[in-house]
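Chain by chain, the residues run as shown.
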Amino acid sequence: MVERRKPLPVQDAIKKVMQLSYESQIEMLPLAESDGRYLGVDLKSDHDVPPFDRSPYDGFAIRAEDTYESNQENPVRLKVIEEIGAGTVAKKTLKRKEAIRIMTGAPIPNGATAVIMFELVREESSQDSSYIYIKRKVKEGDNISKQGEDAPKGKVLVERGAMITPGVKALLATFGYGLVPVVKKPEVGLFATGTELLDPSDALEPGKIRNSNSPMIEGQIKAAGGSPTYYGVLEDDFEKCYSTVKEALEHVDILITTGGVSVGDYDYLPAIYEKLGATVLFNKIGMRPGSVTTVAEWNGKILFGLSGNPSACFVGFELFVRPILKRALFSKTPHRLKSKAVLQKDFPKPNPFTRFVRSKTEEVDGHIQVIPTGLDKSGSVTSLADANALTVLPGGTRGFKAGDVVDILHLREEGSIQP
Ligand code: AMP
Ligand code: MG
């Protein structure tokens, strides 16, 4: 007898999945290999930046008060007593009518209260002494980058979960992170099911199709920050399927299967969950495509049974797997960004369940327009390539017309670096 499944509203299903626990782990990576990964701890300044008062220009460190009487006609003459470059500290303390030649980045010498740029002084050297003439008044504090002006000690500069961009790397280097604590990529195992499946490089045969789900899901896992391992196509024998799945579960945090989750003759997944003793959260969702999407939990591991239909498989990943991966990586925004858009084409099909239509957006005069990409069937594969959004049509609606304002989920990745 075919089992009757009761559909769960999609928002409830997402909520249930997000209630599952997942223990994120931290690993240490050399700074040079940390690009595109996610910070495992808050990045706090453990010292002032800059760590000392320093000169932002090449010039002369002076005592501002020595210039208070100077003007065009009566320039003040200061004796240059020392010269320092970046990385060195002046040995002398400035006294009245003295200056120290200073380079960008060098610490302000004791006694100095301002820096004047080379361009604003006239230099004069005699045999063993050199002098500068200043024709203007210089204010105290002029051209001094104060200790801690960029960041005071103890401030959280980048929060846990932020993607490591070139700018974040600069900060990590500033605070001495030769090794960076990053969130370990969740290990995600992947199986395909179906005797009809050929590898992408195989020649077509009658009755067969190429496996497009596995490469697609691998790409989605990587884009979401996970580490995929493809274990191949499950064999057509229940006991073998069971033991292969059980073995794979030893090595992964999350296991995804595509196909075999409905109630067809070779759809073994429901029986595998049962034999494992996994807790099935749901196996029917009020959504199209992907109503058979199943999520189960076993020994702290999460099992996702996605539909075999390519579009359904894609949508199932985006709605259920991606947020789990994002949350594991401490993202504050695990779900796809939602916004409104103006539909560009009639969508006459009624929507008994919430429908997620592969779509493409365009921004015109600051407004987002959206148009479905190709065939709206769960088995369609061509509509995926062009899609950068999913149009969300709520269940219980009778079709939409061009010009209607609809909800969309944006599929773009935030940030440009893909690990
Ligand atoms: P299933 O969920 O196993 O009943 O599969 C539903 C539909 O998706 C069938 O037409 C399958 O041939 C197709 N399908 C299943 N797995 C894949 C895959 N990995 N790549 C492409 N199509 C698939
Ligand atoms: Mg199948």
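In this text, all values refer to a predicted model and were calculated from it rather than measured experimentally.

Thresholds, definitions, all that
Residues numbered from 1 in each chain as written. Chains lettered and ligands numbered in written order. Predicted model: local features only at pLDDT ≥ 70, side-chain atom pairs only at ≥ 80, totals over all residues. Heavy atoms only, no water. Helix = DSSP H or I, 4+ residues; strand = E, 2+ residues; numbered from the N terminus. Rg over C-alpha atoms; globule rule 2.2 N^0.38 Å. Buried < 20%, exposed > 50% of the residue type's maximum accessible area, 1.4 Å probe, protein only. Contact = heavy atoms within 4.5 Å. Areas by Shrake-Rupley, 256 points an atom, 1.4 Å probe, with all protein chains shown as cover. Lys, Arg positive; Asp, Glu negative; His and termini not counted. Charge placed at Lys NZ, Arg CZ, Asp CG, Glu CD. Near = heavy atom within 4 Å. Polar contact = N/O pair within 3.5 Å; in protein donor to acceptor, adjacent residues only side chain to side chain. Nonpolar A, V, L, I, M, F, W, Y, C, P; charged D, E, K, R; others polar. Core = buried A, V, L, I, M, F, W, Y, C linked by side-chain atoms within 4.5 Å. Axes fitted to C-alpha atoms, helices over the stretch in contact; angles between N-to-C directions. Left-handed = near helix turned anticlockwise from the far one by under 90°. Disulfide = S-S within 2.5 Å. Domains from an automatic or database assignment. Pairing = 2+ DSSP bridges.

## Some words on the overall build of the protein
Part 1 of the argument: When its secondary structure is counted, the protein shows seven helices and 25 strands.
Part 2 of the argument: Since a compact globule built from 419 residues should have a radius of gyration of about 22 Å, the 32 Å found for the protein marks it as more spread out than a globular shape.
Part 3 of the argument: By principal-axis analysis of the C-alpha atoms, the protein measures approximately 105 × 50 × 40 Å.
Part 4 of the argument: Each of the 419 residues in the protein was classed as buried or not, and the buried ones make up 46%.
Part 5 of the argument: Sequence separation of at least 24 residues holds for 72% of the intrachain contacts in the protein that already meet a minimum separation of 6.
Part 6 of the argument: Within the structure as shown, the protein displays about 21,100 Å² of accessible surface, and the carbon and sulfur contribution to it stands at 50%.
Part 7 of the argument: A distance of 4 Å separates the average location of the 54 positive side-chain charges in the protein from that of its 55 negative side-chain charges.

## Focus on the site of ligand 1
Part 1 of the argument: Around ligand 1 there are 13 residues in total, and Glu196, Asn211, Ser212, Gly260 and Gly308 lie nearest to it.
Part 2 of the argument: Serine 212 has a polar backbone atom sitting 3.1 Å from a nitrogen atom of ligand 1.
Part 3 of the argument: Taken together, the residues of the shell around ligand 1 break down into two nonpolar, nine polar and two charged.

## Side note on the nonpolar core
Part 1 of the argument: Ile217, Ile254, Ile256, Phe282, Phe304, Phe320 and Phe356 are the most contacted members of the largest nonpolar core, which has 41 residues in total.
Part 2 of the argument: Looking at this core, the element that brings in the most residues is helix α6 (residues 310-328), giving ten residues.
Part 3 of the argument: Those residues within four positions of isoleucine 254 in sequence are excluded, and the remaining contacts are Tyr22, Glu187, Val188, Gly189, Ile302, Phe304, Ile324 and Leu325.
Part 4 of the argument: Tyr268, Ile272, Ala278 and Ala296 belong to the second-largest nonpolar core, a separate cluster that totals 20 residues.

## A word on helix α3 (residues 213-223)
An α-helix turns once every 3.6 residues. As a result, residues three or four positions apart point the same way.
Part 1 of the argument: Where α3 is concerned, the buried positions are Asn213, Ser214, Met216, Ile217, Gln220, Ile221 and Ala223.
Part 2 of the argument: Along its buried surface, α3 packs onto β12 (187-193), β15 (227-234), β16 (254-258), β20 (301-306), α6 and α7 (382-385).
Part 3 of the argument: Two residues or fewer past α3, glycine 225 is found with a positive phi of approximately 100°.

## A few points about the packing of helix α1 (residues 10-18) against α6
Part 1 of the argument: For the pair α1 and α6, interaxial distance at closest approach is 10 Å and the crossing angle is 35°. For the pair α1 and α6, the sense of crossing is right-handed. Contact residues: Val10, Ala13, Ile14, Val17 and Met18 in α1; Leu319, Phe320, Pro323, Ile324 and Arg327 in α6.
Part 2 of the argument: Partitioning the contact of α1 with α6 into residue classes produces nine nonpolar, no polar and one charged.

## Examining unusual backbone geometry
Part 1 of the argument: Backbone torsion omega between valine 49 and proline 50 reads -10°, so that peptide bond is classified as cis.
Part 2 of the argument: Here proline 50 shows up in the loop between β3 (43-44) and β4 (59-62).
Part 3 of the argument: The step from arginine 288 to proline 289 runs through a cis peptide bond, and the omega angle for that step is -10°.
Part 4 of the argument: Of note, the phi angle at lysine 97 is positive, near 60°, even though the residue is not glycine.
Part 5 of the argument: For lysine 97, the location among the structural elements is in the loop between β5 (76-84) and β6 (98-102).

## Some thoughts on the state of the cysteines
Part 1 of the argument: Under the criterion given, the structure shown has zero disulfides.
Part 2 of the argument: Left unpaired, cysteine 241 is separated from the closest cysteine sulfur, that of cysteine 313, by 17 Å.

## Quick word on the domain arrangement of the protein
Part 1 of the argument: Partitioning the protein into structural domains gives domain 1 (10-24 + 185-328), domain 2 (28-49 + 156-183), domain 3 (59-134) and domain 4 (338-415).
Part 2 of the argument: With centres defined by C-alpha atoms, the gap from domain 1 to domain 3 works out at 71 Å.

## Notes on the pairing of β4
Part 1 of the argument: Here β4 pairs with β6 via three bridges, running antiparallel. Counted as the bridge partner of alanine 61 is isoleucine 100 from β6.
Part 2 of the argument: As defined by bridge partners, β4 adjoins strand β7 (residues 114-117) across four bridges and the pair is classed as antiparallel. Within the sheet, the bridge partner assigned to phenylalanine 60 lies in β7 and is isoleucine 116.

## Description of the sheet that holds strand β8 (residues 121-125)
Part 1 of the argument: Sheet architecture is open: six strands sit in the order β7-β4-β6-β5-β9-β8, paired in mixed fashion. At either end of the open sheet lies a strand with only one pairing partner, and these are β7 and β8. In this sheet, neighbouring strand axes are inclined to one another by 35° on average, regardless of whether the strands run parallel or antiparallel.
Part 2 of the argument: Two strands pair when backbone bridges link them, and β8 and strand β9 (residues 130-134) are joined in this way by five bridges, in the antiparallel orientation. When the sheet's bridge partners are listed, serine 125 is paired in β9 with serine 130.

## A short note on the environment of tyrosine 273
Part 1 of the argument: Locating tyrosine 273 in the fold gives a position in helix α5 (residues 269-276).
Part 2 of the argument: For tyrosine 273, a relative accessible area of 2% puts it in the buried group.
Part 3 of the argument: Sequence separation between tyrosine 273 and serine 311 is 38 residues, and the spatial gap between their C-alpha atoms is 24 Å.
Part 4 of the argument: Excluding residues that lie within four positions of it along the chain, tyrosine 273 makes contacts with Thr257, Ala278, Val280, Thr294, Ala296, Leu303, Phe304 and Gly305.

## Comments concerning the side chain of serine 145
Part 1 of the argument: On the secondary structure map, serine 145 appears in the loop between β9 and β10 (156-158).
Part 2 of the argument: Overall, serine 145 belongs to the buried group, its relative accessible area being 11%.

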